[in-house]
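What the coordinates show
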Amino acid sequence: MTMLSPGQAAPNFSAPATSGKTITLADYRNKYVVLYFYPKDNTPGCMQEGQDFRDLYPEFQDLNAEILGISRDSVKSHEGFKCKLEFPFELVSDEDEAICTVYDVIKMKNMYGKQVRGIERSTFLIDKTGAIAAAWRKVSVKGHAAAVLGKIRELSGG
């Protein structure tokens, strides 16, 4: 798997999501898209990251940007997570890891001294043409949503 980098076309996908939608990346052309991959619904870091994106959502919208959260959880799990934390954006279910695989976010991680396979917290900013504008790997939650917003402001001149 090659590492995706700025300037490359973002791999398209179509997958089930919250609100009964099927999300296809190509449907978001002419918008910035923030794809944030997170390990698991209802875990502390993932809750905080989602809340940070939620709290800044109006500012993302002002810059013509959409946010999509992606994990391996089921749509049912996502629905509960989205409702509980009042996320205004959709969560995409990648139970078969197809999207995680093409974006190369499945990694071996240490959890409580054991090697486990899981999602490495990562974010990809896709520009209005469908190309990757920026990529963040091994994301630290604190300040991350604001950094992504700042990058969109920089790119859009806004």
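Residues numbered from 1 in each chain as written. Predicted model: local features only at pLDDT ≥ 70, side-chain atom pairs only at ≥ 80, totals over all residues. Heavy atoms only, no water.

1. Topic: the pattern of salt bridges
On inspection of all chains with the given rule, the structure shows 10 salt bridges. When the shortest N-O distance is used, the salt bridge between Arg-72 and Glu-97 registers 2.8 Å. In this pair, Arg-72 is assigned in the loop between β4 (65-71) and α2 (75-85) and Glu-97 in the loop between β5 (90-93) and α3 (98-102), connecting sequence segments 25 residues apart. Between Glu-154 and Lys-151 there is a salt bridge; the shortest N-O distance is 3.2 Å. Of this pair, Glu-154 and Lys-151 both sit in helix α4 (residues 144-156), three residues apart, roughly one helical turn. Members of the salt-bridge network, linked through shared partners, are Lys-21, Lys-82 and Glu-90. (Salt bridge = Lys/Arg side-chain N within 4 Å of Asp/Glu carboxyl O. Helix = DSSP H or I, 4+ residues; strand = E, 2+ residues; numbered from the N terminus.)

2. Observations concerning α4
A turn of α-helix holds 3.6 residues, and therefore any two residues three or four places apart point the same way. For α4, with 13 residues, the first-to-last C-alpha span of 18 Å sits near the 18 Å given by 1.5 Å per residue. Residues of α4 that are buried include every one of His-144, Ala-145, Val-148, Leu-149 and Ile-152, and no others. Taken down its axis, α4 places every buried residue within 140° of arc, on the same side. Buried residues along α4 sit in contact with β3 (32-37), α1 (44-62), β4, β8 (122-126) and β9 (132-136). One or two positions beyond α4, positive phi appears at Gly-157, with a value near 70°. (Expected span 1.5 Å × (residues − 1). Buried < 20%, exposed > 50% of the residue type's maximum accessible area, 1.4 Å probe, protein only. Arc of directions from axis to C-beta. Contact = heavy atoms within 4.5 Å.)

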